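Take a look at the letters that make up each chain.
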Amino acid sequence: MHEWALAEAVIATVIEESRKEGLEEITKIKIKIGELQQIETEIFEFALNELTKAQGTSLLTKMKVEMDTERAIFRCRVCGNEWGFDDVGLGEDENEAIHFAPEVAHAYIRCPSCKSPDFEVLQGRGVSIEYIKGRG
Ligand code: ZN
């Protein structure tokens, strides 16, 4: 039900922002989904659709939703090196495991430069709204 909660948060944010901007009609929103975020995009899209309909407001009837994946980027705390999934050369299975449970990333990933397991995730987590377009 994680997708539904996210969809609710997105719709609430869109409505709030459009009020602030004085928009009468929202035409398009773009959502960025982190590569490490566990999300079923089909369920998420379905949830967004259903919640949009349930709002029963003309504000959202023309809204198109575009989704984009935000690449995961890691930074080594020891040497400052930054890298993404493409650079670590993990096997398919490990890649799947990390996508499925981001918290296990530390068990698999080492800094490709100095081999330290001490790194942070710079981006690629969570869901954010990149932009909201509409007419006032
Ligand atoms: Zn390093």
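Residues numbered from 1 in each chain as written. Predicted model: local features only at pLDDT ≥ 70, side-chain atom pairs only at ≥ 80, totals over all residues. Heavy atoms only, no water.

> What exactly am I supposed to notice about the coordination of the zinc ion here?
In ideal tetrahedral geometry, four donors around a metal make angles of 109.5 degrees, whereas ideal octahedral geometry with six donors gives angles of 90 or 180 degrees. Here the zinc ion is held by Cys76 (SG), Cys79 (SG), Cys111 (SG) and Cys114 (SG), and the distances to it run 2.3 to 2.4 Å. Taken together, the four donor atoms coordinating the zinc ion and their angles of 105 to 116° define a geometry best described as tetrahedral. Sequence spacing of the donors to the zinc ion: C-x2-C-x31-C-x2-C. One end of the pair, Cys79, is in the loop between strand S3 (73–76) and strand S4 (82–84); the other, Cys114, is in the loop between helix H5 (105–108) and strand S5 (119–123), with 35 residues separating them in the sequence. Overall, the relative accessible area of 39% leaves Cys79 in the partly exposed class. (Donors = N, O, S within 2.8 Å, 3.2 Å for Na, K, Ca; no water. Tetrahedral: all angles 85-135°; square planar, octahedral: opposite > 155°, others 65-115°. Helix = DSSP H or I, 4+ residues; strand = E, 2+ residues; numbered from the N terminus. Buried < 20%, exposed > 50% of the residue type's maximum accessible area, 1.4 Å probe, protein only.)

> Any chance you could explain the pairing of strand S1 (residues 25–34) here in plain terms?
For a regular strand, side-chain orientation follows a simple rule: the groups alternate between the two sheet faces. The buried fraction of S1 amounts to seven of the 10 residues, a majority that puts the element mostly inside the structure. As paired elements, S1 and strand S6 (residues 127–135) share eight bridges and run antiparallel to each other. Paired with Lys28 across the bridge in S6 is Lys133. Direction of pairing for S1 relative to strand S2 (residues 64–70): parallel, over a ladder of seven bridges. Following the sheet pairing, Ile29 is matched in S2 by Val65. Following the chain from S1 across helix H2 (residues 41–55) to the adjacent parallel S2, one finds a crossover that is right-handed. (Pairing = 2+ DSSP bridges. Right-handed = clockwise from strand over helix to strand, strands pointing away.)

> Is there a simple way to think about the sheet that holds S6 in this case?
The strands making up a sheet associate through hydrogen bonds between their backbones, and the pairing can be parallel or antiparallel. Reading across the sheet, the three strands line up as S2-S1-S6 and stay open at both edges, with mixed pairing between neighbours. Strands at the two margins of the open sheet, each flanked by one partner only, are S2 and S6. Averaged over all adjacent pairs, the angle separating strand axes in this sheet is 15°, with direction ignored. On top of the sheet, H2 reaches S1, S2 and S6; it is set at about 150° to S2, its chief contact. (Axes fitted to C-alpha atoms, helices over the stretch in contact; angles between N-to-C directions. Contact = heavy atoms within 4.5 Å.)

> Just checking my understanding: could you explain unusual backbone geometry for this structure?
Of all residues except glycine, most have a negative phi; of all peptide bonds, most are trans. For Lys115, which is not glycine, the phi torsion reads 65° and is therefore positive. Of note, Lys115 is situated in the loop between H5 and S5.

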